[in-house]
Amino acid sequence: KRPAGAPDRELARKVTKVGVVGAGLMASQMALLFARRLEVPVVMTDLDQERLDRGVGHVHAEIDRLLGRGRLSADQANRLRALVTGSLTKDAFADADFVIEAVFEDLGVKKKVFAEVEEVVSAECVLATNTSSLPVTEMAAGLRHPERVVGFHFFNPVAVMPLLEIVRGAETDDATLATAFAVGKTLKKSSVLVKDAPAFVVNRLLTRFMGEVIGAVDEGTPIEVADHALDGLGLPMTPFTLLQLVGPAVALHVAETLHAAFPDRYGVSENLARLVAAGKPGVYAPDLSLDREATALFAGG
Ligand code: 3HC
């Protein structure tokens, strides 16, 4: 069954090579997923060799982990290692049909990335963005072919979460959207088409959910109480563990986007901002015991 709002599948273009801009954690997970499910070459790029090596290293480490768990055969693992490569220049995207960016959440940076990629790819190559909350239409503005820009928003952990938000910008054409849905299907994701609105749909709900728990702590409820109040509902993880998974900086950015768009509906927690400013990855240590320093920092305001 075709997902609601998806154009005719016949319009989808074939994808034979994928480019991933950015080699961070989420980008690395995306690169591996594309290689694994589409079985095509995937080239990652980043600003310097160190970041690129780290990104490709993440991919190789995950392949090794999957091999160790018997999820991949030795042949499949070797094939995947060969399919995912890194390049410092975007020229390596020249023959790509689908390029996705997962760089820093800044509209100007993302626009610059797309403008650079447009210099090397064909007119039909899809330019997808994994943005959590920024406007897809504005990201496409000023490009020669704004009709090939589409939102393609994954959820952490990328390999595991079935959800994929596909965002149609004002100029996105049917062939681009059909290609996005076809790729989503091959990735075995459950795609939903959402409006190009601040933080789309899912992050509005998640920001509300996490924002209310953070708000309770801001108002004086101890973290360990607020974070475990819903344990009996059987959610897969506590709100502050989810915050740690998403990354406080990303959560703060989404909250700020929503606050700017709807000041009466969404606030920005000063404590969250303080956690981000201190460069803390969350309030838990890696073994999921509360990190005393981060907790005091968060709840101390
Ligand atoms: N990478 C790859 N695989 C992972 C992984 C990761 N980071 N984390 C878990 N997995 C895999 C495990 O290997 C395991 O697979 P296997 O059985 O084939 O080996 C499987 O997932 C289940 O793992 P576990 O048994 O260790 O873990 P749980 O059963 O506790 O589930 C979870 C882990 C799926 C992460 C679960 O806790 C969950 O669903 N949490 C909620 C996550 C969520 O809501 N994400 C949305 C975040 S919002 C977002 O990303 C949007 C952005 O814009 C901010």
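Residues numbered from 1 in each chain as written. Predicted model: local features only at pLDDT ≥ 70, side-chain atom pairs only at ≥ 80, totals over all residues.

A.B. asks: Outline the nonpolar core, listing residues and values.
C.D. replies: Grouped together as the largest cluster of nonpolar side chains are 75 residues, with contacts concentrated most on Val20, Met30, Ala31, Val42, Val99 and Val150. With 7 residues, helix H1 (residues 25-38) is the largest single contributor of residues to this core. There are two domains that each give this core at least three residues, and those are domain 1 (9-195) and domain 2 (203-299). Discounting residues that sit within four places of it in the chain, alanine 31 has contacts with Val20, Val42, Met44, Val59 and Val84. (Core = buried A, V, L, I, M, F, W, Y, C linked by C-beta atoms within 7 Å. Buried ≥ 20, exposed ≤ 12 C-beta atoms within 10 Å, placed from the backbone. Helix = DSSP H or I, 4+ residues; strand = E, 2+ residues; numbered from the N terminus. Domains from an automatic or database assignment. Contact = placed C-beta atoms within 7 Å.)

A.B. asks: Account for the domain arrangement of the protein, with residues named and values stated.
C.D. replies: Taken as a whole, the protein is organised into domain 1 (9-195) and domain 2 (203-299). Each of domain 1 and domain 2 was reduced to a C-alpha centroid, and the two centroids are 28 Å apart. The interface of domain 1 with domain 2 comprises 5 residues on the first partner and 7 residues on the second.

A.B. asks: Quick rundown of the site of the ligand? Include the residues and the values.
C.D. replies: As a structural note, the neighbourhood of the ligand is formed by 16 residues, with Ser132, Phe155, Asn156, Pro157 and Pro236 the closest of them. Its residues placed into classes, the shell around the ligand shows 11 nonpolar, 3 polar and 2 charged. Two domains each donate at least three residues to the shell around the ligand, and these are domain 1 (9-195) and domain 2 (203-299). (Near = placed C-beta within 6 Å. Nonpolar A, V, L, I, M, F, W, Y, C, P; charged D, E, K, R; others polar.)

A.B. asks: Describe the sheet that holds strand E7 (residues 163-168), and please don't skip the residues or the numbers.
C.D. replies: The 8 strands are arranged E3-E2-E1-E4-E5-E6-E7-E8 in an open sheet whose pairing can be described as mixed. Here the strands that pair on one side only, and so sit at the sheet edges, are strand E3 (84-86) and strand E8 (190-195). Across the sheet, the mean angle separating the axes of adjacent strands is 25° when strand polarity is ignored. Relative to strand E5 (residues 126-129), strand E4 (residues 98-101) runs parallel, the two being bridged by 4 bridges. From the neighbouring strand, valine 99 faces E5, where its bridge partner is leucine 127. (Pairing = 2+ DSSP bridges. Axes fitted to C-alpha atoms, helices over the stretch in contact; angles between N-to-C directions.)

A.B. asks: If you had to explain the UniProt feature "domain: 3-hydroxyacyl-CoA dehydrogenase C-terminal" (unreviewed entry) in the protein to someone new, which residues and values would you point to?
C.D. replies: Within the UniProt annotation, "domain: 3-hydroxyacyl-CoA dehydrogenase C-terminal" (unreviewed entry) is assigned to residues 200-282. Across residues 200-282, the secondary structure splits into 64% helix and 0% strand, with the terminal C-alpha atoms separated by 24 Å. (UniProt positions renumbered as here; feature names shortened; annotations may be inferred.)

A.B. asks: For helix H7 (residues 202-218), give the residues involved together with the corresponding values.
C.D. replies: The end-to-end C-alpha distance of H7 is 24 Å, a good match for the 24 Å that 17 residues give at a rise of 1.5 Å each. Backbone geometry just downstream of H7 places glycine 220 in the positive-phi region, at approximately 115°. (Expected span 1.5 Å × (residues − 1).)

A.B. asks: Can you explain unusual backbone geometry? Please cite residues and give values.
C.D. replies: Residue proline 157 follows asparagine 156 across a cis peptide bond; omega there is -15°. Locating proline 157 in the fold gives a position in the loop between strand E6 (149-153) and E7. Backbone geometry at alanine 199 places phi at a positive 60°, although glycine is not the residue there. Tracing the sequence through the fold places alanine 199 in the loop between E8 and H7. Among the residues examined, alanine 199 registers 25 C-beta atoms within 10 Å and is labelled buried.

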